[in-house]
Amino acid sequence: MLEIKNLTVGYIAEPVLRDLSVTFDDGDVVAVLGPNGCGKTTLLKAIVGLIPVRDGKVELDGADVTGGRTEKLAREGLVVSPEGRRLFGGLTVMENLRAGRFTGRAGPSIDDVLDIFPRLKERLDFKASAMSGGEQQMLAVARALVGGPRVLMLDEPSLGLAPKMVHQLFEVFRTLANDGRTIIIAEQNVIEATRVARTCHILTGGTFRFTGPSLTADDQATVQRTYSDLLALN
Ligand SMILES: Nc1ncnc2c1ncn2[C@@H]1O[C@H](COP(=O)(O)OP(=O)(O)OP(=O)(O)O)[C@@H](O)[C@H]1O
């Protein structure tokens, strides 16, 4: 279980996140929804120690991991697949996947992951930088998966993907959660995110303004309507 307690984070005087608290349960698929610049990336970065926490705590199974080293947290199972992919552009697909195993954690094998993304199987010797944006997105997720994450956080995974691919990728997230992983999807694509998530949080003004289930079509409509209403207010 990943718990965020009274988190305050910022870059300059004015914080981006203020006194934000949330619990991410094992095996849940969670959407963190919000408009450009609301702080979704900031939240994920703060969880994995990429930016300093001003106040509050990050706890993994009750242990305080606030401000931990990103690499060490990945070995403990907290992994972010960042927006903009951040792959090793000069390395091949296979080399990128091998690099993802640095965590030493048990998880899907490279072959397992290639079965999920057959497109990558056909491009194992391609340099990451020579692939399309969508293919790079798949590789970023695949590389995170071979690290055996317990909590996999994805920053805008739909970015640059064709709608059909977004749909397929989000179905993969649902499957991954079935074996106990927590999947946290930071997204602006509210329609796809609400379809796959079980819990949705809406982030505006530095904190979560709405939290709700996303299990039925009615729930999903409620989240989507609330999201539009909150955006209209800001
Ligand atoms: N390195 C930085 N230095 C100063 N301010 C920053 C920095 N990174 C982000 N910010 C600011 O923090 C706020 C939150 O940014 P963040 O990237 O977390 O938003 P986001 O919700 O992920 O947005 P998007 O959906 O556009 O990626 C924005 O106002 C942004 O300008």
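This report concerns the structure included in the present document. Owing to the predicted nature of the structure, the values given are computational and were not obtained by experimental measurement.

Thresholds applied
Residues numbered from 1 in each chain as written. Predicted model: local features only at pLDDT ≥ 70, side-chain atom pairs only at ≥ 80, totals over all residues. Helix = DSSP H or I, 4+ residues; strand = E, 2+ residues; numbered from the N terminus. Rg over C-alpha atoms; globule rule 2.2 N^0.38 Å. Buried ≥ 20, exposed ≤ 12 C-beta atoms within 10 Å, placed from the backbone. Contact = placed C-beta atoms within 7 Å. Core = buried A, V, L, I, M, F, W, Y, C linked by C-beta atoms within 7 Å. Expected span 1.5 Å × (residues − 1). Arc of directions from axis to C-beta. Near = placed C-beta within 6 Å. Nonpolar A, V, L, I, M, F, W, Y, C, P; charged D, E, K, R; others polar. Pairing = 2+ DSSP bridges. Axes fitted to C-alpha atoms, helices over the stretch in contact; angles between N-to-C directions.

## Regarding the overall build of the protein
Here's step 1: Counting its regular elements, the protein contains 9 helices and 10 strands.
Here's step 2: Taken over C-alpha atoms, the radius of gyration comes to 17 Å for the protein, in line with the 17 Å a tight globule of 234 residues would show.
Here's step 3: Each principal axis of the C-alpha atoms in the protein carries an extent, and together these give about 50 × 35 × 30 Å.
Here's step 4: Taking all 234 residues of the protein together, 41% fall into the buried category.
Here's step 5: Nonlocal contacts in the protein, meaning residues at least 24 apart in sequence, comprise 68% of its contacts between residues at least 6 apart.

## What to know about the nonpolar core
Here's step 1: By size, the foremost hydrophobic cluster in this structure holds 67 residues, and its most contacted members are A142 and I185.
Here's step 2: Tallying contributions element by element places helix α6 (residues 133–146) first for this core, with 8 residues.
Here's step 3: Setting aside residues up to four positions removed in sequence, I185 forms contacts with V30, A31, V32, L154, P157, F173, A193 and A197.

## Comments concerning α6
Since one α-helical turn is 3.6 residues long, residues separated by three or four positions face the same way.
Here's step 1: Between its first and last C-alpha atoms α6 spans 20 Å; for 14 residues at 1.5 Å apiece the expected length is 20 Å, and the two agree.
Here's step 2: Across the 14 residues of α6, 12 count as buried, placing the element largely inside the fold.
Here's step 3: On its buried face, α6 sits against β6 (78–81), α3 (93–99), α4 (110–116), α5 (118–121), β7 (151–155) and α7 (163–177).
Here's step 4: One or two residues past the end of α6 sits G148, with phi positive at roughly 60°.

## Points about helix α9 (residues 217–233)
Here's step 1: With 17 residues, α9 should cover 24 Å at 1.5 Å per step; its first-to-last C-alpha distance of 24 Å lies within 8% of that length.
Here's step 2: Listed as buried for α9 are Q220, V223 and Y227. For α9, the angular spread of the buried residues around the axis is 60°, confining them to a single face. Residues of α9 that are exposed and point over 90 degrees away from its buried face: A217, D218, A221, R225, S228, D229, A232 and L233.
Here's step 3: Tucked inside the fold, the buried residues of α9 contact β3 (29–33), α8 (190–196), β9 (199–204) and β10 (207–213).

## Notes on the environment of G67
Here's step 1: Looking at where G67 falls in the secondary structure, it is placed in the loop between β5 (63–64) and α2 (70–75).
Here's step 2: Taking the C-alpha atoms as reference points, G67 and D229, 162 residues apart in sequence, are found 34 Å from one another.
Here's step 3: In this view, G67 contacts G49, P52 and V53; residues no more than four positions away in its chain are not counted.

## Considerations on the site of the ligand
Here's step 1: Taken together, Y11, V16, G34, N36, G37, C38, G39, K40, T41, T42, E83 and Q188 make up the full set of residues near the ligand.
Here's step 2: Classifying every residue of the shell around the ligand by side-chain character gives 3 nonpolar, 7 polar and 2 charged.

## Focus: the sheet that holds β5
Here's step 1: Pairing is antiparallel in the open sheet, where 4 strands are placed in the order β2-β1-β4-β5. At either margin of the open sheet sits one strand with a lone partner, and together these are β2 (17–24) and β5.
Here's step 2: Taken together, the 5 bridges between strand β1 (residues 2–9) and strand β4 (residues 55–60) define a ladder with antiparallel strand orientation. If you follow E3 over to β4, its bridge partner there is E59.

## Some points on the sheet that holds β7
Think of a sheet as strands paired side by side through backbone hydrogen bonds, with each pair either parallel or antiparallel.
Here's step 1: Spatial ordering of the open sheet is given by β6-β7-β8-β3-β9-β10, a layout of 6 strands whose pairing is mixed. Of all strands in the sheet, those bounded by a partner on one side alone are β6 and β10. Mean inter-strand twist for the sheet, computed between neighbouring axes without regard to direction, equals 20°.
Here's step 2: With 5 bridges connecting them, β3 and strand β8 (residues 182–187) associate as parallel partners. In the strand pairing of β8, V32 is matched with A186.
Here's step 3: The strands that α6 touches are β6 and β7; relative to β6, the one it contacts most, it runs at about 170°.

## Here we look at the pairing of β3
Here's step 1: Within β3, 5 of the 5 residues are buried, which leaves the element mostly enclosed by the surrounding structure.
Here's step 2: Residues V29, A31 and L33 of β3 are buried on one face, and the alternating residues V30 and V32, pointing to the opposite face, are buried as well.
Here's step 3: In the sheet, β3 pairs with β9 via 4 bridges, with the strands oriented parallel. Opposite V32, over in β9, you have H201 as the bridge partner.

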